[in-house]
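This is what each chain is made of:
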Amino acid sequence: MSKRLNLLVFSGDYDKALAALILANGARELNMEVTIFCAFWGLLMLREENKNVSKNKSFFERMFGIFTPRGAEKLTLSRMNMGGVGKGMLKKMMQDKEKPMLKDFLDGARKKGVKFYGCKLSQEVMGFKKEEFIPELEIIEVYEYLKDASESDIQLFI
Amino acid sequence: MSKRLNLLVFSGDYDKALAALILANGARELNMEVTIFCAFWGLLMLREENKNVSKNKSFFERMFGIFTPRGAEKLTLSRMNMGGVGKGMLKKMMQDKEKPMLKDFLDGARKKGVKFYGCKLSQEVMGFKKEEFIPELEIIEVYEYLKDASESDIQLFI
Amino acid sequence: MSKRLNLLVFSGDYDKALAALILANGARELNMEVTIFCAFWGLLMLREENKNVSKNKSFFERMFGIFTPRGAEKLTLSRMNMGGVGKGMLKKMMQDKEKPMLKDFLDGARKKGVKFYGCKLSQEVMGFKKEEFIPELEIIEVYEYLKDASESDIQLFI
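Everything numeric in this text was worked out from a predicted model, so none of it was measured.

**What about the nonpolar core?**
Core analysis: the largest hydrophobic core is formed by 178 residues, its most contacted members being A:Ile36, B:Ile36 and C:Ile36. Sequence-distant contacts of C:Ile36, defined by excluding residues within four places in its chain, comprise C:Leu7, C:Val9, C:Leu21, C:Ala24, C:Met45, C:Val114, C:Lys115, C:Phe116 and C:Tyr117.

This is the structure we're talking about:
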């Protein structure tokens, strides 16, 4: 039976999303089953860049949708972001070494069959609509996350 | 035998405390055994609002007690706190959806029998007295945490 | 068979490094096997203070080496750092209780046989040379981390 990796991605930082997706890709290459449960800020990396919905949203929900990053590449660094200078520098350093970008790791994870779940409570509170996210995202309750995590070989909170 | 969830709460952020307590409540509802080990900033969410002690404290300990949040609802967001505006907005959005507040999730966890432990080293260094915390908090050494964690089905560092 | 603790240290914060090393020391004292896999900012705590290399580095790599903390004691707090005042206060409070410093916990972990691994991708992107780190650091790929983690009793992302 294959091993299982379960990631709870809470953070909305560029570098932490990168860590999560590098782990997810690596685990799939080792033939591990991988699930990523995105909660709170972790949902931001799964937003589709061009699919912001404002209809049927409260004032706060609209504001929230506008002032939070839309998709993986829009996230900022957890440190040394320096208004984007640090992030640009990191991306340049990654390119110099011909490493894939965050977007590529996300696409890789999607193609390799990583299962993406979103936290129902977070989605409701933040007011995001299902169609604002990548289509394969499945919204689940915390109970389902807990069951999946308790049967996994590695669980991490990122 | 029931499954076990073990959380090491290191962070003193409102949103991360919320994540921890939502997981804890959910796990208890699934009849999992739940222990929360609070270390460093994680201890702040278990302070009782009206029980600040200054007696028998060094200058630094008194300062520390005054300038750190006193209890769960006083914590700030890990991002977008914006001097409290972001946190107020999040709380408003939670209320609009009739979600419980952090305080309610903490009370729920206490009522549902989540076991709260505090890190002895952290408590000593920060100079907190036992009576400044919720009464059921038990102060333990890192060894006891490790033993408990190693026998749990899910361990997370939050 | 002895239990195993596996830590993925991603953070470059003084307080989180302290948490990781306290766990590592404690686990070794309980005779658990301990591996620490340092990725991204987590590598900073393993830099040797006097071994900055600028030769054969790109401009960005040199800048990166200069503007990031060199070694454990140079890290800053994840919160309340206040330009070093908060960190100084924390260190003073630790000394008052005769607690070891971060450097001591790191030395302790090294002496007790904690296994230190560094993430190959992170090292390449950041442009660090092997000789800039503590000598026992072994650079490995994410696959090796995943295998080790999946066989451990506790896995934490710090």
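Alright, that's what it looks like, and here's the rest.
**A few points about the relation of the copies chain C and chain A**
Overlay of chain C on chain A (RMSD 0.0 Å): rotation 120 degrees, translation along the axis 0.0 Å. The two molecules are tied by a three-fold rotation axis, judged by turn and shift. Comparing interface residues between copies, only 13% of those in chain C also sit at the interface in chain A, which points to a heterologous contact through distinct surfaces.

**Topic: the sheet that holds strand S4 (residues 138-140) of chain C**
Residue and element names in this part refer to chain C. Across the sheet, which stays open at both edges, the five strands sit in the order S4-S3-S2-S1-S5 with parallel pairing between neighbours. The open sheet has two free edges, formed respectively by S4 and strand S5 (154-157), since each of these has just one partner strand. Neighbouring strand axes in the sheet, compared pairwise and without regard to direction, differ in orientation by 25 degrees on average.

**Things to note about the interface of chain B and chain C**
With 32 residues of chain B in contact, the opposing surface of chain C contributes 30 residues. Counting each side, the surface lost to burial between chain B and chain C is near 2700 Å², with a carbon and sulfur contribution of 74%. C:Lys99 is the salt-bridge partner of B:Glu124, the closest N and O atoms lying 2.5 Å from each other. At the junction of chain B and chain C, the tally comes to nine residue pairs in polar contact (both at pLDDT 80 or more). Sorting the residues of the side of chain B that touches chain C by element identifies helix H2 (59-67), helix H5 (120-126), helix H6 (142-150) and strand S5 (154-157) of chain B as the ones contributing at least two each. Split by residue class, the side of chain B that touches chain C holds 20 nonpolar, six polar and six charged.

**Brief notes about the confidence of the model for chain A**
Across chain A, the average pLDDT comes to 94, with 100% of residues at 70 or higher. Scored as a complex, the prediction yields pTM 0.96 and ipTM 0.95.

**Digging into the interface of chain C and chain A**
At the junction of the two partners, chain C supplies 31 residues and chain A supplies 30 residues. Note on chain C versus chain A: buried area summed over both sides is about 2700 Å², and carbon and sulfur give 74% of it. Viewed at the interface, chain A and chain C are joined by three salt bridges. Across the contact surface, chain C and chain A share nine residue pairs in polar contact (both at pLDDT 80 or more). At the level of elements, helix H2 (59-67), helix H5 (120-126), helix H6 (142-150) and S5 of chain C are the ones that each hand at least two residues to the side of chain C that touches chain A. Take the side of chain C that touches chain A: its biggest share by element is seven residues, from H6(C). Residues belonging to the side of chain C that touches chain A are distributed by class as follows: 19 nonpolar, six polar and six charged.

**So, the environment of B:Ser11**
All names here are of chain B. Looking at the element boundaries, Ser11 is found in the loop between strand S1 (4-9) and helix H1 (14-29). Counting along the chain gives 28 residues from Ser11 to Ala39, while the straight-line C-alpha distance between them is 8.1 Å. Contact partners of Ser11, with chain neighbours within four places excluded, come to Lys16, Trp41, Gly42 and Ile158. Engagement of the side chain of Ser11 in a polar contact is seen with the backbone nitrogen of Asp13, the distance being 3.0 Å.

**Details of the packing of aromatic side chains**
For the structure on display, the rule yields 21 aromatic pairs over all chains. For the pair B:Phe10 and B:Phe157, a centre-to-centre distance of 5.5 Å together with 25 degrees between the ring planes defines the contact as stacked. Placement of the pair is B:Phe10 in the loop between S1 and H1 and B:Phe157 in strand S5, with a sequence separation of 147 residues. Connected via pairs of aromatic rings, a cluster forms that spans A:Trp41, A:Phe64, A:Phe128 and A:Phe133. The ring of C:Trp41 carries A:Arg79 above its face, with NZ or CZ at 5.3 Å from the centroid.

What counts and how
Residues numbered from 1 in each chain as written. Chains lettered and ligands numbered in written order. Predicted model: local features only at pLDDT ≥ 70, side-chain atom pairs only at ≥ 80, totals over all residues. Heavy atoms only, no water. Core = buried A, V, L, I, M, F, W, Y, C linked by side-chain atoms within 4.5 Å. Buried < 20%, exposed > 50% of the residue type's maximum accessible area, 1.4 Å probe, protein only. Contact = heavy atoms within 4.5 Å. Least-squares fit on C-alpha atoms with pLDDT ≥ 70 in both. Pairing = 2+ DSSP bridges. Helix = DSSP H or I, 4+ residues; strand = E, 2+ residues; numbered from the N terminus. Axes fitted to C-alpha atoms, helices over the stretch in contact; angles between N-to-C directions. Buried area = accessible area lost by both parts, 1.4 Å probe. Salt bridge = Lys/Arg side-chain N within 4 Å of Asp/Glu carboxyl O. Polar contact = N/O pair within 3.5 Å; in protein donor to acceptor, adjacent residues only side chain to side chain. Nonpolar A, V, L, I, M, F, W, Y, C, P; charged D, E, K, R; others polar. pLDDT = per-residue confidence, 0-100. Phe/Tyr/Trp six-rings, centres within 6.5 Å; stacked < 30°, edge-to-face > 60°. Lys NZ or Arg CZ within 6 Å of the ring centre and 35° of its normal.

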